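Spelled out from the first residue to the last, the chains are:
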Number of protein chains: 2
Amino acid sequence: MEHLEVPQLLGLLALIMFGAKLAGTIARRLGQPVVLGELLAGVVLGGSVLGLVNPHNEVLHFLAEVGVVVLLFEIGLETDLGQLLRVGGASSVVAAVGVALPFALGYGVCVAWGLPTMAAIVAGATLTATSVGITARVLSDLGRLQAPESQVVLGAAVVDDILGLIILAVVSRLAAGAEVTPLGVAGITAIAFGFLIATLVVGRLMVPLLARQAKRLETPGVSLTLALILAFGLAWLAWAAGSAMIIGAFAAGLLLRRTALAHEIEHGARQIGFFTVPIFFVVVGASVDVSVLRDSHTLLVGGLLIAAAVVGKFVAGYAPFWFPGRKAVIGVGMIPRGEVGLIFAQMGLDSKVFDAQMFGAVMLMVIVTTLMAPPLLRLLFPPVETDQSPDPRPPDRGPERESAAT
Amino acid sequence: MEHLEVPQLLGLLALIMFGAKLAGTIARRLGQPVVLGELLAGVVLGGSVLGLVNPHNEVLHFLAEVGVVVLLFEIGLETDLGQLLRVGGASSVVAAVGVALPFALGYGVCVAWGLPTMAAIVAGATLTATSVGITARVLSDLGRLQAPESQVVLGAAVVDDILGLIILAVVSRLAAGAEVTPLGVAGITAIAFGFLIATLVVGRLMVPLLARQAKRLETPGVSLTLALILAFGLAWLAWAAGSAMIIGAFAAGLLLRRTALAHEIEHGARQIGFFTVPIFFVVVGASVDVSVLRDSHTLLVGGLLIAAAVVGKFVAGYAPFWFPGRKAVIGVGMIPRGEVGLIFAQMGLDSKVFDAQMFGAVMLMVIVTTLMAPPLLRLLFPPVETDQSPDPRPPDRGPERESAAT
């Protein structure tokens, strides 16, 4: 398994993509998010079961990281900072409380359990970021994307993604060995914020020029090439400046969103994402050692993390006390953790801050929070028959009649 | 330079894509094929000049090979076997002579020069395949894509690609150490042909079913995923069966061409190609040791190969003696060597059949044959003002007025 020839790696990629697609489709048929299926495909292909996918293979690891960079680039491309400011108050408060409280609770239970400080910090951090994709998908399936509650949830999910990225930048430097002192943490936070702000300010001036120049070339593929150069280049720059790669990729997405090439770039980046993002989820799944889930220690820590994750976000839903809508819907909508939580968990494992037990406990938290949110949301927020969302989708993806009866 | 972290590799990829795009654009402005610019960008980024791109880095090497697989998949997707049979006679004769004669001449001059048998075989093989892309592009720029001569050239270029792939499959097994006996060569040829035919027969039955199944899923990205699974999977299978990866990728393209997903797949695969194919050309360029071009031995062998390449294809243009059109146009249209020739050369270098000198000589041949064809074609085949080709392109890509005056 140590060294694979190029054709063997290609065969493995074919297998990974097939497994991810198959399991993702089954998950969707069962009304679950596709990402859950992809994770489980990884568990089956990984060391615990079939032993076909070695997450430490250099090429697989690199492609998985490209998947993360492309994913964050796409999230940046979809993030409307202006609209976020308009939704304003309620979302920001939900996001701030929804980051701080789960982090504090997660950190607290881990320390109380006697875990090392760094493991407790990284575990707390995995609880911070809501999975925008899963939440948006469920709300859209319910035909409720335009409801005020949904707008607050989506706004808050974007803000907590940004906060989560900043936290990730800080935590990954700590995990790499930086000292855990108030001054050290403040310094790394300043670098992460500073990088994002400096990149956005400089980029606002330069990227439109680059995009106009690229558009004038009219060669095929120029917009995707520009997008990848910026996403990869800023990912490298963020890392070199002492922050996290994904902050750079996210900034590249934000910057290109405003240009005339945005639509074409979105389409091209999605194709690169179809290739690389499932590799990331399968590699994460393959890193899970299933045997630790028989370990009562892991199950207990996982249970505590789940409780911290659910309570933290649910309470955050009630934070904007002046908001007239159903606050329980907001809280439940924030529960699923996904992509960013997985990136944290993988980083914890790679940097040896997490052992197999801790990684298993966090995976359990991601899987349970993701599984519980869709049915709870349907219960609290019955689907409407006429979906006003501009999202065009085939009829079978619309409201589900059996839950409409509840 | 030995081990690079993930962010460093991403930064390097950004640099490679930027260099390739910049040099490709300059080449295009000078009326030259984009691939030439990408190769030269590789030479500059490689060990001879800046030393930034190490072609032996495992991740870069893998991405470059993915580029080759995607390229051959795209060529398969664009290959209409039916139309090929209709153009029929003239094209087949041009292709057959245009493969056999340059191979024989190239092999002959190398053996006469005292080179080892294997190096002579691989060098002969690099002369066999015309670059479909470059030829089609020049003819389209001249507004002559629908001329009978052009149709013969394009048909022959496709046939010689297929023959070239078969030869590559055979030669790569020989280069890997299989014995050079008539029986051995016959066996490997049979495997290569057999694999292609068996795959096409079995695939004709299964791929339409798979494509219908995939279409019914209606999940985003399903067609690209299916395409990559087939391309990578068949590349692995071809290799495992004792043939060459690219035969499998080419077969995957041929099989998916007939399905309802073909258009969507073509679009998705192009995006993956925009990402990976320039990496291949840059890595090939980076493998060139510029200092060997100051070596008179390399220049002489290069000159002999160029002579064999030009004479072989030019004579092939006259092989369909019954054809009423301008035979010189056909011959000149076949001269440029490109992608497949580079794949041969890289394989020769990787398997240590070529030393740096021999690799330099072959690169010289590829560059000179590619550079000489466009101006010669313009001279022999003046551009027409009204282009009847269905290829929609902006006005500035149309006939060039200065050469219309000749």
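What you see is a predicted model, and the numbers here were worked out from it, not measured in a lab.

**Student:** Break down the overall build of chain A for me, with residues and values.
**Tutor:** Within chain A one finds 17 helices and 0 strands. Against the globule reference of 22 Å for 406 residues, chain A gives a C-alpha radius of gyration of 21 Å, in line with a compact fold. Looking at chain A residue by residue over its 406 residues, the buried ones come to 59%. Of all intrachain contacts in chain A linking residues separated by at least 6 positions in sequence, the fraction that spans at least 24 positions is 80%. With the model as given, the accessible surface of chain A reaches about 15,600 Å², and the carbon-plus-sulfur share is 67%. Averaging the positions of the 24 positive and the 27 negative side-chain charges in chain A gives two centres separated by 8 Å.

**Student:** Account for helix α10 (residues 222-240) of chain B, with residues named and values stated.
**Tutor:** Residues and elements named next belong to chain B. Relative to the 27 Å expected for 19 residues at 1.5 Å per residue, α10 spans 26 Å between its end C-alpha atoms, a close match to the ideal helical length. Most of α10 is tucked away, with 15 of its 19 residues classed as buried. Within two residues after α10, Gly242 carries a phi angle of roughly 95°, on the positive side.

**Student:** Before we move on, could you go through the interface of chain A and chain B and cite the residues and values that matter?
**Tutor:** Counting residues at the interface gives 49 residues for chain A, matched by 49 residues for chain B. Summing both sides of the interface, chain A and chain B together bury roughly 4,500 Å²; the carbon and sulfur share of this comes to 79%. By the criterion of area lost to chain B, the three top residues of chain A are Leu10, Lys21 and Phe62 of chain A, representing 15% of everything that side buries. On the surface where chain A and chain B come into contact, there are 0 salt bridges. Here chain A and chain B share 0 residue pairs in polar contact (both at pLDDT 80 or more) between them. The set of elements that each furnish at least two residues to the side of chain A that touches chain B consists of α1 (6-29), α3 (58-78), α10 (222-240) and α12 (262-286) of chain A. Counting residues per element, the side of chain A that touches chain B draws most heavily on α1 of chain A, at 14 residues. The class makeup of the residues in the side of chain A that touches chain B is 28 nonpolar, 12 polar and 9 charged.

**Student:** Pulling in residues and values, what's your account of the packing of α3 of chain A against helix α3 (residues 58-78) of chain B?
**Tutor:** Relative orientation and spacing of two packed helices are given, respectively, by the angle between their axes and the distance between those axes. The interhelical angle for the contact between α3 of chain A and α3 of chain B, taken along N-to-C directions, is 75°, at an axis separation of 9 Å. The angle between the axes of α3 of chain A and α3 of chain B places the two elements in the roughly perpendicular class. Contacts between α3 of chain A and α3 of chain B involve Glu58, Val59, Phe62 and Leu63 of chain A from the first element and Glu58, Val59, Phe62 and Leu63 of chain B from the second. Residue classes in the contact of α3 of chain A with α3 of chain B are distributed as 6 nonpolar, no polar and 2 charged.

**Student:** Describe the relation of the copies chain A and chain B, with residues and values.
**Tutor:** Overlay of chain A on chain B (RMSD 0.0 Å): rotation 180°, translation along the axis 0.0 Å. A rotation of that kind, with that shift, is consistent with a two-fold axis. Interface overlap between copies: 100% of the residues of chain A at the interface are likewise at the interface in chain B, consistent with a symmetric, same-surface contact.

**Student:** Got a sec to walk through the environment of Val366 of chain B? Specific residues and values, please.
**Tutor:** All names here are of chain B. Of note, Val366 is situated in helix α16 (residues 356-380). Remark: the alpha-carbon pair of Val366 and Gln213, spanning 153 residues in sequence, is separated by 43 Å. Setting aside residues no more than four positions away along its own chain, Val366 makes contact with Arg337, Gly338 and Leu342.

**Student:** How would you explain the environment of Ile75 of chain B if you had to name every residue and give the values?
**Tutor:** Residues and elements named next belong to chain B. Within the fold, Ile75 resides in helix α3. Considering only alpha carbons, one finds Ile75 and Arg29, 46 residues apart in sequence, at a separation of 25 Å. Not counting residues within four places of it along the chain, the set of residues in contact with Ile75 comprises Asp161 and Phe250.

**Student:** Explain the nonpolar core to me, using residue names and the numbers behind them.
**Tutor:** Within the largest apolar cluster, 280 residues are counted, with the highest numbers of intra-cluster contacts made by Leu13, Phe232 and Leu305 of chain A together with Leu13, Phe232 and Leu305 of chain B. For this core, the leading source of residues is helix α8 (residues 148-175) of chain A, giving 16 residues.

**Student:** Account for the packing of aromatic side chains, naming residues and giving values.
**Tutor:** Following the criterion strictly, the structure yields 10 aromatic pairs over all chains and no others. Aromatic pair Phe232 of chain A and Phe275 of chain B: ring centres 5.9 Å apart, planes at 65°, arrangement edge-to-face. In this pair, Phe232 of chain A sits in helix α10 while Phe275 of chain B sits in helix α12 (residues 262-286), so the two residues belong to two different chains. Given a relative accessible area of 0%, Phe232 of chain A falls into the buried group. Relative accessible area serves as the criterion here: at 1%, Phe275 of chain B is assigned to the buried category. On the numbers, 5.6 Å between centres and 55° between planes, the contact of Phe314 of chain B with Tyr318 of chain B is tilted. Since its relative accessible area comes to 32%, Phe314 of chain B is described here as partly exposed. The class of Tyr318 of chain B is partly exposed, set by a relative accessible area of 41%. Geometry around Phe381 of chain B places Arg144 of chain B over its ring, the cationic atom sitting 4.3 Å from the centre.

**Student:** Would you mind going over a nonpolar patch on the surface in detail, with residue names and values included?
**Tutor:** A grouping of Phe193, Ile197, Val201, Val202, Leu205, Met206 and Leu210 of chain A is seen on the molecular surface, where their side chains present a nonpolar patch of about 660 Å² in accessible area. For Val201 of chain A, the position within the fold is in helix α9 (residues 182-217).

Quick notes on the rules
Residues numbered from 1 in each chain as written. Chains lettered and ligands numbered in written order. Predicted model: local features only at pLDDT ≥ 70, side-chain atom pairs only at ≥ 80, totals over all residues. Heavy atoms only, no water. Helix = DSSP H or I, 4+ residues; strand = E, 2+ residues; numbered from the N terminus. Rg over C-alpha atoms; globule rule 2.2 N^0.38 Å. Buried < 20%, exposed > 50% of the residue type's maximum accessible area, 1.4 Å probe, protein only. Contact = heavy atoms within 4.5 Å. Areas by Shrake-Rupley, 256 points an atom, 1.4 Å probe, with all protein chains shown as cover. Lys, Arg positive; Asp, Glu negative; His and termini not counted. Charge placed at Lys NZ, Arg CZ, Asp CG, Glu CD. Expected span 1.5 Å × (residues − 1). Buried area = accessible area lost by both parts, 1.4 Å probe. Salt bridge = Lys/Arg side-chain N within 4 Å of Asp/Glu carboxyl O. Polar contact = N/O pair within 3.5 Å; in protein donor to acceptor, adjacent residues only side chain to side chain. Nonpolar A, V, L, I, M, F, W, Y, C, P; charged D, E, K, R; others polar. Axes fitted to C-alpha atoms, helices over the stretch in contact; angles between N-to-C directions. Parallel < 35°, antiparallel > 145°, perpendicular 65-115°, else oblique. Least-squares fit on C-alpha atoms with pLDDT ≥ 70 in both. Core = buried A, V, L, I, M, F, W, Y, C linked by side-chain atoms within 4.5 Å. Phe/Tyr/Trp six-rings, centres within 6.5 Å; stacked < 30°, edge-to-face > 60°. Lys NZ or Arg CZ within 6 Å of the ring centre and 35° of its normal. Patch = residues over 30% accessible without salt bridge, like charges linked within 9 Å, V, L, I, M, F, W, Y side chains within 5 Å.

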